[in-house]
Every structure is written in structure tokens, then in C-alpha cells.
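These are the residues of each chain, in order.
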Amino acid sequence: EYMVPPPQPPVFLFVVEVSYAAVSSGMLRCVAATLAHTIDHLPGGERTQVGVITYDSTLHFYNLHGSTPQMLVVPELDEPFCPMPGEALVNLSERRDVVKQLLEKLPSMFGATQATEVATGPALKAAYTVAQHVGGKVSLFSATRPTVGDGKLLNREGAGGAANGKGAEGGGLLAPACDFYKTLAVDCSKQQLCIDVWACHSAYADLATLALLARHTGGSVQHFPAFSDVAAGERLSRALQHSLTREQGLEAVMRVRASRGLRIAAFYGHFFIRGVDLLALPNVDEDKSFAVEIAHEENEIGASTACLQAALLYTTTSGERRIRVLTLELPVTSALNSIF
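Residues numbered from 1 in each chain as written. Predicted model: local features only at pLDDT ≥ 70, side-chain atom pairs only at ≥ 80, totals over all residues. Heavy atoms only, no water.

### Remarks on the overall build of the protein chain
At step 1: Summing up its helical and strand segments, the protein chain has 8 helices and 15 strands in all.
At step 2: In the protein chain, once contacts between residues fewer than 6 apart in sequence are set aside, the share between residues at least 24 apart is 77%.
At step 3: Taken as a whole, the protein chain presents about 16300 Å² of accessible surface, with 52% of it coming from carbon and sulfur.
At step 4: Across the protein chain, the mean location of the 27 positive side-chain charges is 2 Å away from that of the 34 negative side-chain charges. (Helix = DSSP H or I, 4+ residues; strand = E, 2+ residues; numbered from the N terminus. Contact = heavy atoms within 4.5 Å. Areas by Shrake-Rupley, 256 points an atom, 1.4 Å probe, with all protein chains shown as cover. Lys, Arg positive; Asp, Glu negative; His and termini not counted. Charge placed at Lys NZ, Arg CZ, Asp CG, Glu CD.)

### Notes on the environment of P43
At step 1: Structurally, P43 can be placed in the loop between helix 2 (27-38) and strand 2 (49-55).
At step 2: C-alpha of P43 to C-alpha of L244: the two residues are 201 residues apart in sequence and 8.0 Å apart in space.
At step 3: With residues up to four places along the chain from it excluded, the contact list for P43 reads P10, F12, T48, L244, T245, Q248 and T317.

### Overview of the pattern of salt bridges
At step 1: For the structure shown, the criterion picks out 13 salt bridges.
At step 2: The salt bridge involving R255 is made with D277; its shortest N-O contact spans 3.2 Å. A residue pair is termed long-range when its members are at least 10 positions apart, and R255 in strand 9 (residues 248-258) and D277 in the loop between strand 11 (272-274) and strand 12 (278-285) qualify at 22 residues.
At step 3: Classification of D277 as partly exposed rests on a relative accessible area of 26%.
At step 4: Ionic contacts of the salt-bridge type, sharing partners, join the residues R246, D285, D287 and K288 into one network. (Salt bridge = Lys/Arg side-chain N within 4 Å of Asp/Glu carboxyl O. Buried < 20%, exposed > 50% of the residue type's maximum accessible area, 1.4 Å probe, protein only.)

### Quick look at helix 5 (residues 180-190)
At step 1: Among the residues making up helix 5, those that are buried are F180, Y181, L184, A185, V186, C188 and S189.
At step 2: Those residues of helix 5 that are buried lie in contact with helix 4 (120-131), strand 7 (193-199), helix 6 (207-210), helix 7 (212-215), strand 11 and strand 12.
At step 3: In the segment just after helix 5, Q192 is the residue with positive phi, at about 60 degrees.

### Observations concerning the sheet that holds strand 11
At step 1: Pairing is antiparallel across the open sheet formed by 5 strands, whose spatial order is 11-12-9-14-15. Whereas interior strands pair on both sides, the edge strands pair on one side only; in this sheet they are strand 11 and strand 15 (321-331). The mean inter-strand angle of the sheet, taken between neighbouring strand axes irrespective of direction, is 25 degrees.
At step 2: With 8 bridges connecting them, strand 9 and strand 14 (residues 305-316) associate as antiparallel partners. Across the sheet, A258 pairs through a bridge with L308, a residue of strand 14. (Pairing = 2+ DSSP bridges. Axes fitted to C-alpha atoms, helices over the stretch in contact; angles between N-to-C directions.)

### Things to note about the side chain of S237
At step 1: With respect to the element layout, S237 can be found in helix 8 (residues 229-245).
At step 2: With near-sequence residues (within four places) excluded, S237 lies in contact with C30 and T34.

### Remarks on the state of the cysteines
At step 1: Within the structure shown, the criterion is met by 0 disulfides.
At step 2: Cysteine C82 remains unbridged, with the sulfur of C188 as its closest cysteine sulfur at 15 Å.
At step 3: Unpaired in terms of disulfides, C200 finds its nearest cysteine sulfur in C30, a separation of 7.8 Å.
At step 4: A relative accessible area of 1% places C200 in the buried class. (Disulfide = S-S within 2.5 Å.)

### Some details on the packing of helix 2 against helix 3 (residues 92-109)
At step 1: At their nearest, the axes of helix 2 and helix 3 sit 8 Å apart, and the two run at 165 degrees to each other. In this view, helix 2 runs roughly antiparallel relative to helix 3, as classed from their interaxial angle. Helix-helix and strand crossings are classified by hand; for helix 2 and helix 3 the assignment is left-handed. On helix 3, the residues that touch L28, R29, A32, L35 and A36 of helix 2 are K100, L103, E104, L106 and P107.
At step 2: In terms of residue class, the contact of helix 2 with helix 3 is built from 7 nonpolar, no polar and 3 charged. (Parallel < 35°, antiparallel > 145°, perpendicular 65-115°, else oblique. Left-handed = near helix turned anticlockwise from the far one by under 90°. Nonpolar A, V, L, I, M, F, W, Y, C, P; charged D, E, K, R; others polar.)

### Concerning the packing of helix 4 against helix 5
At step 1: At a minimum axis distance of 11 Å, the contact between helix 4 and helix 5 shows a crossing angle of 10 degrees. By the angle class used here, helix 4 and helix 5 are roughly parallel. Where helix 4 approaches helix 5, its residues T120, G121, L124, K125 and Y128 are matched on the opposing element by F180, Y181, L184, D187 and C188.
At step 2: Classifying every residue of the contact of helix 4 with helix 5 gives 6 nonpolar, 2 polar and 2 charged.

### Digging into the side chain of R321
At step 1: Here R321 lies in strand 15.
At step 2: Polar contacts involving the side chain of R321 include one to the side chain of E251, which spans 2.9 Å.
At step 3: Looking at R321, its side chain comes within polar contact range of the side chain of T315, at 2.7 Å. (Polar contact = N/O pair within 3.5 Å; in protein donor to acceptor, adjacent residues only side chain to side chain.)

### Overview of the packing of aromatic side chains
At step 1: Taken as a whole, this structure holds 6 aromatic pairs when the rule is applied.
At step 2: Ring geometry for F180 and Y181: centres 5.0 Å apart, planes at 90 degrees, overall edge-to-face.
At step 3: Seen in terms of ring centroids, F267 and F271 are 6.4 Å apart; in terms of plane orientation they differ by 80 degrees. Their pairing is edge-to-face. Like F267, the residue F271 is buried in the burial classification.
At step 4: Each residue in the set F141, W198, F224 and F227 is aromatic and connected to the rest through ring pairs, giving one cluster. (Phe/Tyr/Trp six-rings, centres within 6.5 Å; stacked < 30°, edge-to-face > 60°.)

Here is the structure:
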């Protein structure tokens, strides 16, 4: 079943906030400059595809098939759509100069913006529409709490019920405020879409809710509180370069097994569980780690050793199908002093 569809190409879709906060903090300049420098080093060679979506209170798509980039604005937030079906992603090796031209122009294009409202939810829905047919990695760069459209979030900080630990089903600020981002993340995982969240907020961001995007898609959350290009720009730039160019596997699935007498009680990490014990990982990289909780079955372990095995099936950025199997054998003892 895994081998039926053709290997997924490396796809990088950048969803960048261009509000007043993103411009004034320097986030837009730093991200655009870093991406312009890094696209020459993206993995995948001639198979790599890229796309760019920017947003404030409206959505901006970019036609990169001509000699110069063309911006198309979509003000519709309730039912966001892509004005260029099938053309928002381009082959990087063929359109590299146009992509670089767009990234270099972005800071000046929005340099005078006064927009303070941001439609993060509709922008992510648009990204899903653009890349759902092929999968890939969505990098969300956010500087403002979502305020309009689907997924808008209220400021739960301060003297509110949630802030006192009574809201969000008693979880307070650490519990998600809504299910929109979890539902979207699960849909993305099914289409082999991974979401990385780059949070560069100067005020309350509600990361407890936004982090669901990464948690269920195998992505990661990079938090730069009170971001300033002067103080943290280099740190953001280095982290972004590493995230995009590091060794990574696509459309991966992982299963962990234990020998008789043991069972896997729980999994911890960023993934989506299919069935009982199959971890779906749209993107897995060299820095990802996972934890498992091992429990005893009712019967005692009869053997003198116990075995654990993790099997990871994935596609490399060059299009090769690979499987990595790690097996660990440990001695079993009933004497505590033999362990310490």
C-alpha cells in the first residue's frame, strides 16, 4: 500500500504574515532575506517545488510562472480559495530567479502597511488547498494572534475565566481554545502535509492552540518571544536555515513493537496515530525524537531478555523508499541490586 503512489517530491510552502507587527518587528525582512539565501540549498534537486502565500486581513497568492511575480489578492475569508488552481507551486530549478525576485521584493511591497488584523486560519486553509494533492512542508511565520476569519483567537491572558484556570475545560491557558487547528492539522496529516510554526509575537500569542498544528503533523514550534530583528534576527535566520536544509524524510510511518510480556502503553511526540500503534509522520528529520511508555502485560516476562523494535518507513528527498529498523535487547531481572 505504501509503495503504490509515486514518491513524494520535496515541497516547501511558505505562509508569511505581512501585518504591521510583522514589518515593524523586522520579522518579514529577516524571513524574506533568509529564504532568498536558503532556497539554493533546499534538498531534492530538480524535484523540489516551492510556493509563497502572504496574509494580513486578506490573502495574497503569487503567480511565479511569468518573468516577474504577480500578486493576486483574495479578500474572501469565509471560503478562501486559490485563484490559480494547480499553479501556486512551481518547480524551483525552473523558476529560481522569479522566486528570489519575489522574496527580495516582499519587505518593500508591504513596508508601508498599516494592517493590524490577521487571518491565520484562512491562510492555512488556503495552504491546505494549494498543497493537499502533493503533500510537503508548510512553514507558518506568525507575528500576531489570529484575529479574523476561521480560527480567530481571543486574548485569554488577564482576568478572564481561562486565565484563572476555569476556561478551556479547566485547562486554563495551557489548554487549546478551540478545535479548528487540531481539525486542520489532522486533515493535513492525512494528505502528508507537515506544519512548522515560527512564532515571533510581541504580545500574547496563544501557542497552546497554535501548537496543535505542529503536534499532529510531525512539525515543530519555534518561539521567539518579543521578537526584534536586531536582537534575535540572526538566531531566527540560523534556525530557519537549519530547519529547511537538514536531512529529512517524507511521508513516513513508524511502528514500535515489544516482545511478549510487554506492551506499548503510550506514545509521546509530534505525530498522528493511525489505528492503534502506527505513527503517521508527514515529515521526519534528524532532530526529531519520540518517547514510548512501556507497560507489563498480566503475565510475567518468561524469557531472560526483553526486546524492543522501532521500524521507520520513509521516502528520502531524492525519491528513494527506505526502511530503518532499530532493535534493542535488554536483560530481565527480578533483583533490584543487579540494576544499580
